[in-house]
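Each chain, written out:
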Amino acid sequence: MFIEQLKNKNESLIKYLPFPLMFFSFMGFNYVSTLVSNVNTNDVILSMINQFGKNVTFAILILPLSFLCVLLLLWVKIFHKQSIKSLTTSRTKVDFNRIFFSFFLWAALMVAVILIQNFIYPEDFKIEFNPSAFIVLFFLAVVLIPLQTSFEEYFFRGYLMQGLGLITKNKWFPLIFTSVTFGLMHIANPEVEAFGMQMMVFYIGTGFFLGIITLMDDGLELALGFHAANNLVGALFITSKNSALQTNAIFEQVSESMSFSEIYVQVFVIFPILIFLFAKKYKWNDWKNKLTGNI
């Protein structure tokens, strides 16, 4: 079982405190800074874009989490003496077919939705395709985004979930805690400032979706593929003035409003359908024990 990988290791709460405390302190400081500052997050991003351009700003914003991915893997390997494989999956080896299946499934669905929305509501989109700028973005995104999304998966669904499971001896608390904190990590995003706290339904709901497929599949592979596809397609295909990553994407969404029904449909309809498809393909069973059982 993935969450039980450390069951026989002599680990303690003290050993698991430094890295999460460092990360959550940084995120907390970042959020408090946005509250006490007279300048909102989007203004800061726009100022950076005016000074450095979109591609350099994209790299500046995404590099910290990309660097943290490498740091976390080294921390686990050196400090905890745990293999990267055991942080990734309970299988004998990492299943890259699962990563690619999840990636291409979600990427195809996202691209299809973007194209359909552009066809139905052309007034909400405009084509901003700049070949030279897009090529630079493409290479930056292909290198940095998988590192950024992998950090979030390895940290929340890997490091924290396994560590909390070892400490609490159950699975329900790690699932809830990592899902909620994953959502709260995005609370300072420009989308939340622009559209309100209802956006947290999407972020926390996504956390629960990724946590459920990780526990049910006994590994991070599906979550790694989904998360990379979500951010990569988002960076390359569509951007907006209220996005955390304002890129040289193909389309810009110019509508200033958001239909919150889309959020609820994705969290409460699309995500359950994806879970059903994964469950059928990978023959998941014993749901109650895998999601809420004891360790």
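Above this text you will find the structure in question.
Bear in mind the structure is a predicted one, so any value in this text is a computation, not a measurement. (Residues numbered from 1 in each chain as written. Predicted model: local features only at pLDDT ≥ 70, side-chain atom pairs only at ≥ 80, totals over all residues. Heavy atoms only, no water.)

Q: Explain the overall build of the chain to me, please; I cannot follow it from the model alone.
A: The helix and strand tally for the chain stands at 13 helices and three strands. The C-alpha atoms of the chain give a radius of gyration of 19 Å, which matches the 19 Å a tight globule of 295 residues would have. Counting only C-alpha atoms, the chain reaches 55 × 40 × 35 Å along its principal axes. Every one of the 295 residues in the chain was classed for burial, and the buried ones make up 50%. Long-range contacts, defined as pairs at least 24 residues apart, comprise 80% of the intrachain contacts of the chain with a sequence gap of at least 6. By element, 69% of the accessible surface of the chain is carried by carbon and sulfur atoms, the whole surface being about 14,300 Å². (Helix = DSSP H or I, 4+ residues; strand = E, 2+ residues; numbered from the N terminus. Rg over C-alpha atoms; globule rule 2.2 N^0.38 Å. Buried < 20%, exposed > 50% of the residue type's maximum accessible area, 1.4 Å probe, protein only. Contact = heavy atoms within 4.5 Å. Areas by Shrake-Rupley, 256 points an atom, 1.4 Å probe, with all protein chains shown as cover.)

Q: Looking at this model, I keep getting lost on the side chain of Arg-157. Mind explaining?
A: Note that Arg-157 resides in helix α7 (residues 131-168). On the basis of relative accessibility, which here comes to 0%, the residue Arg-157 falls in the buried class. Engagement of the side chain of Arg-157 in a polar contact is seen with the side chain of Glu-153, the distance being 2.7 Å. Beyond its immediate sequence surroundings of up to four residues, Arg-157 is in contact with Phe-2, Glu-152, Thr-178, Phe-182, Gly-207, Leu-210, Gly-211, Thr-214 and Leu-220. (Polar contact = N/O pair within 3.5 Å; in protein donor to acceptor, adjacent residues only side chain to side chain.)

Q: Whenever I open this one, the packing of helix α4 (residues 54-78) against α7 confuses me. Can you help?
A: Packed helix pairs are characterised by how far apart their axes lie and by the angle those axes make with each other. Running from N to C, α4 and α7 cross one another at 35°; their axes reach a closest spacing of 8 Å. Relative to α7, α4 is oriented so that their crossing is left-handed. Here the contact of α4 with α7 is composed, by residue class, of 23 nonpolar, four polar and one charged. (Axes fitted to C-alpha atoms, helices over the stretch in contact; angles between N-to-C directions. Left-handed = near helix turned anticlockwise from the far one by under 90°. Nonpolar A, V, L, I, M, F, W, Y, C, P; charged D, E, K, R; others polar.)

Q: Where do I start with the side chain of Ser-66 in this structure?
A: Examined against the element boundaries, Ser-66 turns out to sit in helix α4. A polar contact is formed between the side chain of Ser-66 and the backbone oxygen of Ile-62, at a distance of 2.9 Å. The residues contacting Ser-66, other than those within four sequence positions of it, are Leu-144, Leu-147 and Gln-148.

Q: Where do I start with the environment of Ser-86 in this structure?
A: Structurally, Ser-86 can be placed in helix α5 (residues 84-88). Here Ser-86 falls in the buried class, since its relative accessible area comes to 11%. Separated by 133 residues in sequence, Ser-86 and Gly-219 place their C-alpha atoms 8.8 Å apart. Among residues more than four places away in sequence, those in contact with Ser-86 are Phe-2, Gln-5 and Gln-162. One polar contact links Ser-86 to Gln-82, side chain to side chain, over a distance of 3.1 Å.

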